[in-house]
Amino acid sequence: MMRYFLAIIIILFSTSTFAQNQQTDSLKKVTAPEIIITGFPALERITPVPFTKLGQEQILRDGDFKEVPSLLSQTPSVMTYSQSGLDIGYTSANIRGFDQRRQSVLVNGVPQNDPEDHSVYWIDMPDLSGNSTSIEIQRGAGSAFYGPPAIGGSINVETGLSGKREFIVSGGYGDYNTSKLGISLNSGLLDDKYIVYARLSQFKTDGYRDASFIDLKSYRISLARFDSNFTLQLNFYGGPVKDGLYYYGIFPADDQRSNFTDPKLRKINWSENYYTETPYERRPQEHEEFFQPHYEAITSWEIDKQTTFFNTLFFIQGDGFFDYDGTGLSTDYYRMTQIYGLRYNFQGLNDTTLGNELVRGFVDQKQFGWLPRIEYKHDSGVFTIGGEFRINRSNHWGQLLSANTMPIGIPGDYHFYDYKGGKNIMSGYVAERYDFSKTVIASASVQLLSQEYKFFDEKPFYLDSSNAALRGGTPGTFMSYNFNVPLFFINPRIGVNINFNDFFSGFASVSQTSREPRFADYYNAAFFSLPNFNRNANGSFNFNDPKIKPEHLLDVELGTRLAKYLLSDDVLFSGGITGYYMPFSDELLQTGNADPFGSPIVANAEKVLHYGIELEAGLDLGSVAALQCNFTWSHNEIGQFSADTMGVIGKMPIGFPPIIAGATLLLQPIKGLTLSLTERYVGEMFGDLTNSAAYRNEPYAVTDATLSYRENNILGMQFVELKVQLSNVFDKFYTSYVESGSGFFVAAPRHGFATIQISL
């Protein structure tokens, strides 16, 4: 696959020369790089969606030791948490209460949600915040026409290029033996055509919670060519990841673990066995290693003054393993009984536990995609037509690494589960932005989306009289499942933006979004669950009739914006109000159970309603100070939920926090000195659907501070910057998130990080 990607890159370089020769002004010098537009960024006073943008200055100020989700914590309707207790490693951002499986995450316009489980593993894109030049959050269905369906919102991260020549080295150290080293080189614009950028970094920490160490190494190489009518950018980034396992929090069921305020007990990293629910601390051998390199080729070809052809080709290859404790499972689960021994030529064991099992789960995943689109600028707006073509293939297997008792003669590469999966994604879309006038701008689009899950090459399992009927087969035989799940959606969207004057505008939009279940919701082969399909008359599974359904959202947005209104000399005010109304049908809700890695098990709820109000306000006092505030109130209610494991639930609030608020104060008392103070508040939330007190997460407010000093043109250097970041200034013990299947996740008390950055 990689050789085909390289061949395409060579063709693109050739296309660059061809496109240049086709333009009549091809001899014209390019004096500055043209920006390649990736994704679908929202435009102020044009795009009818609520959105917030973080610029490079803000990212650099706050992103020294934080993952991208943590940078979003001061934006409306966003709450963030980290499984490790620090803002690195496995971090998550919930938008309007929806987790990352209900968000569309793009980096340079390339979809990042895992095609099979919809999650976004920020840790597998190490130091992405250090490579980012802008981050945009669109709440609700958003404006993107491809990629994972956006329900809570979408996040588009850009790793742009600058024409400024720079060589930067940086280093930092903080609590919990946290360190970061980085070096970057930007060639600037060479021969009026080329930019070369390279960056290396390493991030390490012992972690706040026990056995939650993290060791991340990252690289980024970007090459760009800018012609008069054609732009090509190549991005290569990634890095090896090694970290401990810390996907379970503290469970309230055990009094010893419910003491959130005990400095020692709250740090314990429990290894909760899913089957026996016996608590014990993590074993030293439990860890994971993963490597996910990204390859991107992004082009922009201005065919004529009205028509531009955008292309993105990408290839993502990820593979790695996680070693976890499997104590308490049987030889039948590990497929090491006598019948398996006869089939695979080793001495099988009786159906009993093996003792102190250590298991390796391995995944190898490859994804190739092409994202073409054509934009035609006419007299009254812009017409867009495009598509999305993605192919994903994966191989998953599990291996018992060690146990007190192991079968004699078992092959070293024996896999007790082994299967392949895949997903084909193909969509087409058309969109029109029509400017009736400078005052009224309308937008409409429709996407036709075809998807197909594939499951094949499963390792056969044995059927005896006790499980044959359950598994839908014949006793005394080996069998495996092989099936496809096709899906088709139509996602329309319409909206209007009205500019009442040079400062005040309003917008309204209506969108329909559909989202498929995770693959594991259909069949979790790694844990030998039953396929989630209805049965034929003979007891076999009907793989054309899944029990679980896609979910469908109607998103209605209504809002106003006031942009840069001059209150007095050097005092600017900006603000906005957005109301949203989001009725759901067949929303996938947690049943209260989780798989062995803390991921919630879900079922369809027939009716769910979400609505709320988002407020934003900002004051800019010139170069002296700035203040940004936001406030969200929401109501989230189950109308009807009839899951088999839940009974019938109706008219019950969902445990999303009803109030989220934040404020950032930026002070610059003297030239080069900047003080940033942030405050964020998250209201109470519940980790289960019954809103039980046992799973109530207390409201919390937390304060962070950053003090930096920058001196330009000193000792022959472009600049030197010193920075100290202090998180949880008032040293509060709190839990930042709760899920009934995963427990409460604690946040680290007061901790700091100091950095120095030098530009030569």
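Residues numbered from 1 in each chain as written. Predicted model: local features only at pLDDT ≥ 70, side-chain atom pairs only at ≥ 80, totals over all residues. Heavy atoms only, no water.

### Quick notes on the overall build of the protein
When helices and strands are tallied, the protein shows 7 helices and 40 strands. Relative to the compact-globule value of 27 Å for 760 residues, the protein shows a C-alpha radius of gyration of 27 Å, a close match. In terms of overall dimensions, the protein has a C-alpha envelope of 80 × 60 × 55 Å along the principal axes. Sorting the 760 residues of the protein into buried and exposed places 57% on the buried side. In the protein, the share of contacts with a sequence separation of at least 24, taken over all contacts with a separation of at least 6, comes to 68%. Averaging the positions of the 61 positive and the 82 negative side-chain charges in the protein gives two centres separated by 3 Å. (Helix = DSSP H or I, 4+ residues; strand = E, 2+ residues; numbered from the N terminus. Rg over C-alpha atoms; globule rule 2.2 N^0.38 Å. Buried < 20%, exposed > 50% of the residue type's maximum accessible area, 1.4 Å probe, protein only. Contact = heavy atoms within 4.5 Å. Lys, Arg positive; Asp, Glu negative; His and termini not counted. Charge placed at Lys NZ, Arg CZ, Asp CG, Glu CD.)

### What about the pairing of strand β40 (residues 751–759)?
Pairing of strand β8 (residues 166–174) with β40, which is carried by 7 bridges, proceeds in the antiparallel orientation. Opposite Ile 168, over in β40, you have Ser 759 as the bridge partner. Sheet topology places strand β37 (residues 717–727) next to β40; 9 bridges connect them, and they run antiparallel. The residue of β40 that forms the bridge with Leu 722 is Ile 756. (Pairing = 2+ DSSP bridges.)

### As for the side chain of Thr 674
In this fold, Thr 674 is placed in strand β33 (residues 673–682). You can call Thr 674 buried: its relative accessible area is 14%. Thr 674 has contacts with Leu 666, Leu 667, Gln 668, Thr 706, Leu 707 and Ser 708, leaving out every residue within four places of it along the chain.

### Some details on the side chain of Glu 116
Tracing the chain through its elements places Glu 116 in the loop between β5 (110–111) and α4 (128–131). No salt bridge forms around the buried Glu 116; measuring N to O, its nearest opposite-charge neighbour Arg 393 is 7.9 Å away. Within the structure, Glu 116 has its side chain in polar contact with the side chain of His 396 (distance 3.1 Å). Ignoring any residue separated from it by four or fewer positions in sequence, one finds Glu 116 in contact with Gln 365, Asn 392, Ser 394, His 396, Gly 421, Gly 422, Tyr 453, Arg 518 and Phe 519. (Salt bridge = Lys/Arg side-chain N within 4 Å of Asp/Glu carboxyl O. Polar contact = N/O pair within 3.5 Å; in protein donor to acceptor, adjacent residues only side chain to side chain.)

### Looking at the pattern of salt bridges
Applying the stated rule across the entire model yields 30 salt bridges. The shortest N-O distance in the salt bridge between Glu 551 and Arg 102 comes to 3.0 Å. Of this pair, Glu 551 sits in strand β27 (residues 551–568) while Arg 102 sits in the loop between β3 (91–95) and β4 (103–107), and the two are 449 residues apart along the sequence. Judged by its relative accessible area of 8%, Arg 102 falls in the buried class. For Arg 139, the salt bridge identified is with Glu 614, shortest N-O distance 2.9 Å. With a gap of 475 residues between them, Arg 139 in strand β6 (residues 134–139) and Glu 614 in strand β29 (residues 600–620) connect regions that are remote in the sequence.

### Focus: unusual backbone geometry
Even without a glycine there, the phi angle at Ser 77 is positive, about 65°. Positionally, Ser 77 belongs in the loop between α3 (68–71) and β2 (78–82). Backbone geometry places Asn 356, a non-glycine residue, at a positive phi of 55°. Structurally, Asn 356 can be placed in the loop between α5 (338–344) and β17 (358–378). By relative accessible area, Asn 356 is classed as partly exposed at 40%.

### Notes on the nonpolar core
Counting 61 residues, the largest nonpolar core has Tyr 334, Met 336, Phe 455, Phe 461, Tyr 481 and Phe 483 as the members making the most contacts within it. Per-element tally for this core: the top contributor is strand β23 (residues 483–499), with 4 residues. When neighbours within four sequence positions are excluded, Tyr 334 is seen to be in contact with Gly 326, Leu 329, Leu 354, Glu 357, Val 359, Leu 400, Tyr 414 and Phe 416. Counting 19 residues, the second largest nonpolar core, distinct from the first, contains Val 105, Val 107, Met 125 and Leu 128. (Core = buried A, V, L, I, M, F, W, Y, C linked by side-chain atoms within 4.5 Å.)

### Regarding the packing of aromatic side chains
Working definition: an aromatic ring pair is given by the centre-to-centre distance plus the angle between the planes. Scanning the entire structure with this criterion turns up 53 aromatic pairs. With 5.7 Å between their ring centres and 65° between their planes, Tyr 453 and Tyr 522 make a pair best called edge-to-face. Here Tyr 453 is found in strand β20 (residues 440–456), whereas its partner Tyr 522 is found in helix α7 (residues 519–522), with 69 residues between them in sequence. For the pair formed by Tyr 453 and Tyr 522, the shared burial category is buried. Here the basic side chain of Arg 373 rests over the ring of Phe 310, its NZ or CZ set 4.2 Å away from the ring centre. The cationic tip of Arg 471 hangs over the ring face of Phe 528; the distance from NZ or CZ to the ring centre is 3.8 Å. (Phe/Tyr/Trp six-rings, centres within 6.5 Å; stacked < 30°, edge-to-face > 60°. Lys NZ or Arg CZ within 6 Å of the ring centre and 35° of its normal.)

### Quick word on the sheet that holds β4
Pairing is mixed across the open sheet formed by 5 strands, whose spatial order is β1-β6-β7-β4-β5. The sheet is open, and its two edges are formed by β1 (51–54) and β5, each paired on a single side.

### Observations concerning the confidence of the model for the protein
Here the protein averages 89 in pLDDT, and 91% of its residues register 70 or above. This model gives residues 4–32 a pLDDT under 50, and the stretch forms 49 contacts once residues within four places in sequence are excluded. (pLDDT = per-residue confidence, 0-100.)

### Thoughts on the pairing of β6
Strand residues, when the strand is regular, have side chains that alternate between the two faces of the sheet. With 5 of its 6 residues buried, β6 lies for the most part within the structure. In this sheet, β6 lies alongside β1 in antiparallel orientation, the contact comprising 4 bridges. Counted as the bridge partner of Phe 51 is Gln 138 from β6. In the sheet, β6 pairs with strand β7 (residues 153–158) via 6 bridges, with the strands oriented antiparallel. Following the sheet pairing, Arg 139 is matched in β7 by Gly 153.

### Quick word on a nonpolar patch on the surface
Residues Phe 500, Phe 503, Phe 504, Tyr 565, Leu 567, Leu 619, Leu 621, Val 624, Leu 627, Leu 665 and Leu 677 make up a contiguous nonpolar surface patch of about 880 Å² in total accessible area. As for its placement among the helices and strands, Phe 500 is situated in the loop between β23 and β24 (504–515). (Patch = residues over 30% accessible without salt bridge, like charges linked within 9 Å, V, L, I, M, F, W, Y side chains within 5 Å. Areas by Shrake-Rupley, 256 points an atom, 1.4 Å probe, with all protein chains shown as cover.)

### Regarding the environment of Lys 264
Position of Lys 264 among the secondary structure elements: in the loop between β13 (240–244) and β14 (287–291). Judged by its relative accessible area of 69%, Lys 264 is exposed. Sequence-wise, Lys 264 and Leu 566 are 302 residues apart; in three dimensions their C-alpha atoms are separated by 52 Å.

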